[in-house]
Amino acid sequence: MKTSVGGRTVQYVVAYVFMLVALYPIVLMFASSFKTNMEIFANPLSLPKSLSLDTYKKLWDAVPFADFLMNSVFVSGLSVLLITVFSAMAAFYLARFSFKWTGALYFFFLVGLMIPIKLGIVPLFLLMKNLGLLNSLWSLILIYTASGIPVSVFILTGFFRTLPVELEEAARIDGCNHFQVFWRVLLPLIRPALATVVIINFIHAWNDFFFPLIFIQEDALKTIPIGMMVLFGEYETDWSLLFAGLTLSALPMIGVFLMASRQFMEGLTAGAVK
């Protein structure tokens, strides 16, 4: 059934309204980063009077923001890389090989979706202490990798199972082994799933406040969510510095989302032109 012109117009209007509602806090945060505290309190919803970068320079001098940023990039990037690699290989095995323990192994990953990892904070703390990883970025990387693998395996296994087996058979006839079939044939076809895995896990690792608060004490090793806490004073808060820090911290996340979204759309439309 074709949608009428009036119905399509209503759909576009509703979509644009939702878009404006979603973008308004981001625009307000960006505009407030160029204001002074007096401007924010006097006219919180107005545009800044000037686009001076003094607030960002002040932020760079007030806190070691470069260290916070590099720590977050290192932890989030490496965690997402490990999650994607291990989850893709595990999902390929679960989707394409049938052994008596395959069902139990798949259920083991599903259990990881059911049990919140924060319930094991005490055993995790003791484990990291015994491994000598307290106050280390590797403790965060290991935790994010372990907590991100179950949902990633669940997503990728479903995508692998939708791919026709004839593709693998043709590749093996051409002389490909298991790894070549996985790397050259199947992996490029599940780009939408890989983009989903990257977005979900990067946002989780980048925004996480709980685990850095528990495992990181040294200021030079803090990630952005914990590092930004120093901008909250006991009696007053410099909101212009806070908004500037939030703006800078949001830029990498927005960039990753846009890049992964483009790969997601390319993966969806790749078969339409062949």
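In this text the structure is predicted, and so the values were computed from the model without any measurement.

Draft legend 1. Summary view of the side chain of threonine 247. Take threonine 247: it is sitting in helix H13 (residues 239–269). The exposure class of threonine 247 is buried, given its relative accessible area of 5%. In terms of polar contacts, threonine 247 uses its side chain to reach the backbone carbonyl oxygen of phenylalanine 243, at 2.8 Å. With sequence-adjacent residues up to four places away left out, threonine 247 is seen in contact with Met29, Phe30, Ser33 and Tyr56.

Draft legend 2. The arrangement of the confidence of the model for the protein in detail. With 92% of its residues at a pLDDT of 70 or more, the protein shows a mean pLDDT of 85. This model gives residues 270–274 a pLDDT under 50, and the stretch forms one contact once residues within four places in sequence are excluded.

Draft legend 3. View of the nonpolar core. Ranked by size, the top nonpolar core spans 19 residues in total, and within it Leu156, Phe160, Phe182, Leu186, Leu187 and Ile190 carry the most contacts. Every element with two or more residues in this core is listed here: helix H4 (65–96), helix H7 (137–162), helix H9 (178–186) and helix H10 (191–207). Apart from the residues within four sequence positions on either side, leucine 187 is in contact with Ala88, Phe182 and Leu194. Ranked by size, the runner-up nonpolar core spans 17 residues in total, among them Leu59, Phe68, Leu231 and Leu242.

Draft legend 4. Seen up close, a nonpolar patch on the surface. A grouping of Tyr12, Tyr16, Met19, Leu20, Leu23, Ile26, Val27, Ile254, Phe257 and Leu258 is seen on the molecular surface, where their side chains present a nonpolar patch of about 990 Å² in accessible area. Elements represented by at least two residues in the nonpolar patch include exactly helix H1 (5–32) and H13. Here the element with the most residues in the nonpolar patch is H1; it accounts for seven residues. Along the chain, the position of isoleucine 254 falls in helix H13. Residue isoleucine 254 is classed as partly exposed on the basis of its relative accessible area, which comes to 35%.

Draft legend 5. Structural detail: H9. Those residues of H9 not exposed but buried are Val181, Phe182, Val185 and Leu186. The buried residues of H9 occupy an angular sector of 115° when the element is viewed end-on, so they sit on one face. The outward face of H9, more than 90 degrees from its buried face, is lined by the exposed residues Phe179, Trp183 and Arg184. Looking at the buried side of H9, the elements it contacts are H4, H7 and helix H8 (165–173). The distance from a side-chain oxygen at the start of H9 to the backbone nitrogen of phenylalanine 179 is 3.2 Å, and the residue carrying that oxygen is asparagine 177.

Draft legend 6. Representation of the packing of aromatic side chains. For the coordinates displayed, the defined rule picks out 20 aromatic pairs. Between tryptophan 60 and phenylalanine 65, the aromatic rings sit 5.7 Å apart at their centres with planes inclined by 50°, giving tilted as the arrangement. The exposure class of tryptophan 60 is partly exposed, given its relative accessible area of 44%. The exposure class assigned to phenylalanine 65 is buried, which follows from its relative accessible area of 1%. Summarising the aromatic geometry, the rings of tyrosine 144 and phenylalanine 211 are spaced 6.4 Å apart at their centres and angled 75° between planes, so their arrangement reads as edge-to-face. You can see tyrosine 144 sitting in helix H7 and its partner phenylalanine 211 sitting in helix H11 (residues 210–215), a full 67 residues away along the chain. Residue classification places phenylalanine 211 among the buried positions, given a relative accessible area of 1%. Aromatic rings pair up to connect Phe92, Tyr93, Phe97, Phe99, Trp101, Phe160, Phe179, Phe182 and Trp183 into one cluster.

Draft legend 7. Quick peek at the packing of H4 against helix H5 (residues 102–114). Running from N to C, H4 and H5 cross one another at 140°; their axes reach a closest spacing of 10 Å. The orientation of H4 with respect to H5, classified from their angle, is oblique. For H4 against H5, the interelement crossing comes out left-handed. On the side of H4, the interface is formed by Ala90, Tyr93 and Leu94, while H5 contributes Thr102, Leu105, Tyr106 and Phe109. Here the residues of the contact of H4 with H5 are counted per class, giving six nonpolar, one polar and no charged.

Quick notes on the rules
Residues numbered from 1 in each chain as written. Predicted model: local features only at pLDDT ≥ 70, side-chain atom pairs only at ≥ 80, totals over all residues. Heavy atoms only, no water. Helix = DSSP H or I, 4+ residues; strand = E, 2+ residues; numbered from the N terminus. Buried < 20%, exposed > 50% of the residue type's maximum accessible area, 1.4 Å probe, protein only. Polar contact = N/O pair within 3.5 Å; in protein donor to acceptor, adjacent residues only side chain to side chain. Contact = heavy atoms within 4.5 Å. pLDDT = per-residue confidence, 0-100. Core = buried A, V, L, I, M, F, W, Y, C linked by side-chain atoms within 4.5 Å. Patch = residues over 30% accessible without salt bridge, like charges linked within 9 Å, V, L, I, M, F, W, Y side chains within 5 Å. Areas by Shrake-Rupley, 256 points an atom, 1.4 Å probe, with all protein chains shown as cover. Salt bridge = Lys/Arg side-chain N within 4 Å of Asp/Glu carboxyl O. Arc of directions from axis to C-beta. Phe/Tyr/Trp six-rings, centres within 6.5 Å; stacked < 30°, edge-to-face > 60°. Axes fitted to C-alpha atoms, helices over the stretch in contact; angles between N-to-C directions. Parallel < 35°, antiparallel > 145°, perpendicular 65-115°, else oblique. Left-handed = near helix turned anticlockwise from the far one by under 90°. Nonpolar A, V, L, I, M, F, W, Y, C, P; charged D, E, K, R; others polar.

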